[in-house]
Amino acid sequence: MVQKIESQYKEILMQYMQRQSEQNLYDGQNFSRQLISENIAPEEVISVHKAVMQEMYSELPDLVWHSFDLLIEMMISYGLALQERESLLQRQEELRVEMDLAANVQETLLKTKMPSLEGLDIGLLSIPARKMNGDYIYFVSDDNGHAGIAVADVIGKGLPAALCMSMVKFGMDSLNNAEVNPSEVLNVINRVVEKSIDDSMFVSMFYGKYDAKKATLTYGSAGHEPAILYRAEDSSFTELTAKGLLLGVTPVATYEEHTVHLEKNDLVIMMTDGVTEGRTSQGFISREVIFELIERKKDHSAQEIVHYVYEELERMQNAEFKDDFTLVIYKKS
Amino acid sequence: MNIQVDLKEEDNFLQAYISGEIDAHTAPVLREKLEHYQNHKGLRAELDLSDVNYMDSTGLGVFVAFYKGVNSNDGHVKLKGLSPRLKRLFDITGLGAIMDIESAEEGVN
């Protein structure tokens, strides 16, 4: 091995000593890449250089050879740093694989089934900014035309946020009832979250209970971005605000709830701040811009509207969302 | 894309002047500086956010953690100089109702 490297290096060095051409330098560069891929340490390369030089120019004074010995000694730390980097790269790769696995587990764990309700068309999209999604949508429904939806956002991103989301899911699972009112749902989840998480992690959540027979939506919010009601009759957009503190701040929070009646072609737009906090080089993307996008596609299906809004916002931000993006649209048909 | 935090404490009265952007990158800087004080008994803290031009939910988390820490030690936190955008963030999250907050144009909104 060493002999093979020596003879290859000798060839390159000899050529260079004779011509000093660009091509010779290029050969040297390529050879160093080959040495790196074979894990040859820098001090070994200098040893090879010294050996080859001694072979070719044995008449050089001892001074020159001594200087190489010092250089070899000095390069040893560089060799160690290189090794360390290799092992870090390997470790990083292992972490990447683990994150991929965790993201898959999260996807399976947090899977929810979109309900099918008489007279209601539902569109949704949830795209994580990183591997793990800190946004969450949960549906619960029954056979009597009731369906609950929770749209939640963990403050904080990545792995800790994702783990926190599982807590919300298990809280919702334990309720397992599509007829419970938003204020009660939020109360229960608040107590679950408050007990379990650290002081700088919070969850915001919108909860809407839809009654297909009456075509009404009862909603409440725990510090979440307000949902928007689009009235087809007069093409107006209104925020569906409801007072309520973020989940996990205090165990004694109370939550307001309100009810709206949906008419044909009305839309309810539920989202996380990843939708509204978009920024371009010119500044923030205003809510009016989002309203305009929705209005442009109001005659399409809920899923088509959701996709259109996502694609347009993605285009405006050069395909770079800083936060998880979640958008759900209910369309009354 | 930076943050500056100037802190001054005298007789258990903490005055903080924060400027720049508070997001996932800069929030840890702010958290670390504030954490140092939140366990002081009976601390009165006044945080001036007049020159904070952007804050996302991560920043909100820092203020809530600080608020909870100071409150549990019988202290008081006041936030002042909030821009309409920041004020809206505190209002939506319900924090505006439990924290002592004064916006930049008090009385105008």
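Before reading on, note that the structure itself is shown above.
Residues numbered from 1 in each chain as written. Chains lettered and ligands numbered in written order. Predicted model: local features only at pLDDT ≥ 70, side-chain atom pairs only at ≥ 80, totals over all residues.

Caption draft 1: Structural view of the nonpolar core. Among the nonpolar cores identified, the biggest contains 94 residues, and A:Val151, A:Val203, A:Met205, A:Ile269 and A:Ile329 are the most heavily contacted of them. With eight residues, the single largest contributor to this core is helix α2 (residues 57–71) of chain B. Not counting chain neighbours up to four residues away, the residues in contact with A:Ile269 comprise A:Ala227, A:Ile228, A:Tyr230, A:Ile294 and A:Ile329. (Core = buried A, V, L, I, M, F, W, Y, C linked by C-beta atoms within 7 Å. Buried ≥ 20, exposed ≤ 12 C-beta atoms within 10 Å, placed from the backbone. Helix = DSSP H or I, 4+ residues; strand = E, 2+ residues; numbered from the N terminus. Contact = placed C-beta atoms within 7 Å.)

Caption draft 2: Layout of the pairing of strand β9 (residues 267–271) of chain A. Residue and element names in this part refer to chain A. When you tally the buried positions in β9, you get five out of five residues, the bulk of the element. The side-chain alternation of β9 yields two buried faces, one formed by Leu267, Ile269 and Met271 and the other by Val268 and Met270. Note that strand β6 (residues 227–231) and β9 share three bridges and pair antiparallel. Across the sheet, the residue bridging to Tyr230 is Leu267, located in β9. (Pairing = 2+ DSSP bridges.)

Caption draft 3: Representation of helix α9 (residues 302–316) of chain A within the structure. Residue and element names in this part refer to chain A. With 15 residues, α9 extends 21 Å between its outermost C-alpha atoms, agreeing within 8% with the 21 Å of an ideal straight helix rising 1.5 Å per residue. The elements touched by buried residues of α9 are β1 (120–127), α8 (287–296) and β12 (325–332). Looking one or two places after α9, you find Asn318, whose phi comes out positive at around 50°. (Expected span 1.5 Å × (residues − 1).)

Caption draft 4: Representation of the interface of chain A and chain B within the structure. The partner chain B presents 17 residues to the 18 residues of chain A that form the contact. Across the side of chain A that touches chain B, the residue classes tally to seven nonpolar, five polar and six charged. (Nonpolar A, V, L, I, M, F, W, Y, C, P; charged D, E, K, R; others polar.)

Caption draft 5: The sheet that holds strand β4 (residues 76–82) of chain B, seen in detail. Residue and element names in this part refer to chain B. Pairing is mixed across the open sheet formed by five strands, whose spatial order is β1-β2-β3-β4-β5. In this open sheet, the two edge strands, each paired with only one partner strand, are β1 (3–10) and β5 (100–103). Adjacent strand axes in the sheet meet at a mean angle of 15°, parallel and antiparallel pairs treated alike. Both strand β3 (residues 44–55) and β4 contribute to a ladder of five bridges, which runs parallel. Directly across from Arg44, in β4, lies its bridge partner His76. In this fold helix α1 (residues 27–35) packs onto β1 and β2 (13–22), with an angle of close to 5° to the strand it touches most, β1. Against the sheet, α2 makes contact with β2, β3 and β4, and its axis sits at roughly 150° relative to β4, the strand it touches most. (Axes fitted to C-alpha atoms, helices over the stretch in contact; angles between N-to-C directions.)

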